[in-house]
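Chain by chain, the residues run as shown.
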Amino acid sequence: MIIKEVSARIVKDSRGADTIAVSVNGCEEASAPNGKSVGNYETPSYHRSLRWCVDFLNAFCDEIVFEKFEDLIRIEKAICKNADLKNAREFGANSLYAFESAVLKALASETGKELFELLGKNKKIPLPVGNVVGGGMHSASVSHRPNFQEFLVIPRALRFSENLKIMQFVYASVGKKLGASLVNDEGAWLVASEDERVLDILNSVRKEAEKKFASKVGIGIDAACSTLFHDGIYRYNNKILKPDMQLAFFEQIVPNYNLFYVEDAFEQGDFKRFASLNKFAGKNCLIVGDDLIATQYNRLVGAIRTRSINAVIIKPNQNGSLLELARIFDLCRRSRIKTILSHRSGETLDSALADYAVGFGADYIKCGVATPWREVKLNRLVEIEEKTVA
Ligand code: PGA
Ligand code: ZN
């Protein structure tokens, strides 16, 4: 394939905020999402501005020969040359990701392949991590909301289609028990409730689901604790905790609620307490770094060295380069770190995340349960499963 035509435009995400969409050779558009609980270490979304990046791409006229995933290096070199940058990620994580994704979509279309097929040999269907109840920064419209940002269900049946049914059952049943009717940015139930009450209800529904579907079902939280941390202290609705008390608190709630997954239990610089929790609970629970790593290779290397995590959130638009994402997946595989490819709270209707999860061989995909922006990704995974699994 030769890249002949690049077109870019500004589109709206699920929250109505601006983001970028790019198309190559007139093929299907690729777009980037937007986060709200944005980590300090994420690659900035745009070089100069969204408008500048859109104009740059619309003027892009290097005719690059592109035949395989690894040829993304040619795209990155051309960006560096034309925009006078040292590293392609300086072009911005949203703009680089959308452009690279659009190039891959064009190659898939022109060669009659599926997007996930372009990505190497590690293909597998991930387990879903579904956001059932929301709190924290994602649910700021409700007073007395839970402190934790996400209450999650992780069904572990063999088939993705079965896992989807389990997630939907848990989502509906928990919503009913909480008397919820409204949803937040990610389609998770909006409620005025204590964290503990939500965890109790989620746990009882988990047990029901395990019986009903004869499958293991885990629950978890994204505590998103960087957003609770101010002036050296974690501030909850009903308590304040110093960092060591925060560690003791998590050492209590992980076994008490049988948590299978805990994301960002500490603020984004505290490798040490992540490591203590990982030592205490990491045998039975995924100790996940999101803001801690911010999809940056060097931070992941640091977390592996300090044994701070046993699982990591990977968000394409926290980094920008799909080549670098491939290196991150590779490092995780070699270091036995579980991978969770993740959406953002402000999503688009692009389903490519599902293909990247399969193509990179992610262990999990976190993309919500309800609303059209999440459902396109889940439905795409069902489609891929039908195409690939006997
Ligand atoms: P964000 O949050 O997409 O708003 O950054 C998601 C998360 O913290 O996992
Ligand atoms: Zn998170």
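Preceding block: the structure.
Below is a short write-up of the structure. Worth saying up front: this structure is predicted, and the values here are computed from it rather than measured.

**Some details on the nonpolar core**
Side chains of nonpolar character tend, in soluble globular proteins, to be buried together. With 125 residues, the main nonpolar core has Ile 20, Phe 99, Ile 221, Phe 250 and Tyr 356 as its most contacted residues. Ranked by the residues each element gives to this core, the list is headed by helix α3 (residues 93–111), at ten residues. Ignoring anything within four residues of it in the chain, the contact list for Tyr 356 reads Tyr 97, Ser 101, Leu 104, Leu 115, Leu 119, Leu 322, Leu 341 and Gly 361. Core analysis: the next-biggest nonpolar cluster, separate from the first, contains twelve residues, Leu 152, Ile 154, Tyr 261 and Tyr 364 among them.

**Quick notes on the site of ligand 1**
In the neighbourhood of ligand 1, 13 residues make up the surrounding shell, with Lys 36, His 138, Gln 149, Arg 344 and Ser 345 lying closest. For ligand 1, an oxygen atom lies 2.6 Å from a polar atom in the side chain of Ser 345. Within the side chain of Lys 366, an N or O atom sits 3.1 Å from an oxygen atom of ligand 1. For ligand 1, whose unbound accessible area comes to 280 Å², protein coverage reaches 99%.

**Things to note about the coordination of the zinc ion (ligand 2)**
Each protein donor to the zinc ion (ligand 2) is listed here as Asp 222 (OD), Glu 263 (OE) and Asp 290 (OD); together their distances run 2.0 to 2.2 Å. Of note, the donors binding the zinc ion (ligand 2) are all from one chain and are spaced D-x40-E-x26-D. Note that Asp 222 is positioned in strand β7 (residues 217–222) and Glu 263 in strand β11 (residues 261–263), a separation of 41 residues in sequence. Here Asp 222 and Glu 263 have matching classes, each one buried.

**A short note on the environment of Asn 379**
Tracing the backbone shows Asn 379 in helix α12 (residues 372–388). For the pair formed by Asn 379 and Ala 354, sequence separation is 25 residues and the distance between their alpha carbons is 8.8 Å.

**Regarding the pattern of salt bridges**
Scanning all chains against the criterion turns up 29 salt bridges. Taking the shortest distance from any N to any O, the salt bridge between Arg 273 and Asp 244 comes out at 2.9 Å. Remark: Asp 244 occurs in helix α6 (residues 243–256) and Arg 273 occurs in helix α7 (residues 271–281); sequence separation between them is 29 residues. Residue classification places Asp 244 among the exposed residues on the basis of a relative accessible area of 52%. Across the pair Lys 315 and Asp 290 runs a salt bridge whose closest N-O atoms are separated by 2.8 Å. Taken together, the residues Lys 315 in the loop between β13 (311–314) and α9 (316–319) and Asp 290 in the loop between β12 (286–289) and α8 (297–305) connect sequence positions 25 residues apart. Asp 290 carries the same exposure label as Lys 315, and that label is buried. A single network of salt bridges, built from pairs that share partners, joins Glu 114, Asp 355, Arg 380, Glu 383 and Lys 387.

Rules used in this analysis
- Residues numbered from 1 in each chain as written.
- Chains lettered and ligands numbered in written order.
- Predicted model: local features only at pLDDT ≥ 70, side-chain atom pairs only at ≥ 80, totals over all residues.
- Heavy atoms only, no water.
- Core = buried A, V, L, I, M, F, W, Y, C linked by side-chain atoms within 4.5 Å.
- Buried < 20%, exposed > 50% of the residue type's maximum accessible area, 1.4 Å probe, protein only.
- Helix = DSSP H or I, 4+ residues; strand = E, 2+ residues; numbered from the N terminus.
- Contact = heavy atoms within 4.5 Å.
- Near = heavy atom within 4 Å.
- Polar contact = N/O pair within 3.5 Å; in protein donor to acceptor, adjacent residues only side chain to side chain.
- Areas by Shrake-Rupley, 256 points an atom, 1.4 Å probe, with all protein chains shown as cover.
- Donors = N, O, S within 2.8 Å, 3.2 Å for Na, K, Ca; no water.
- Salt bridge = Lys/Arg side-chain N within 4 Å of Asp/Glu carboxyl O.

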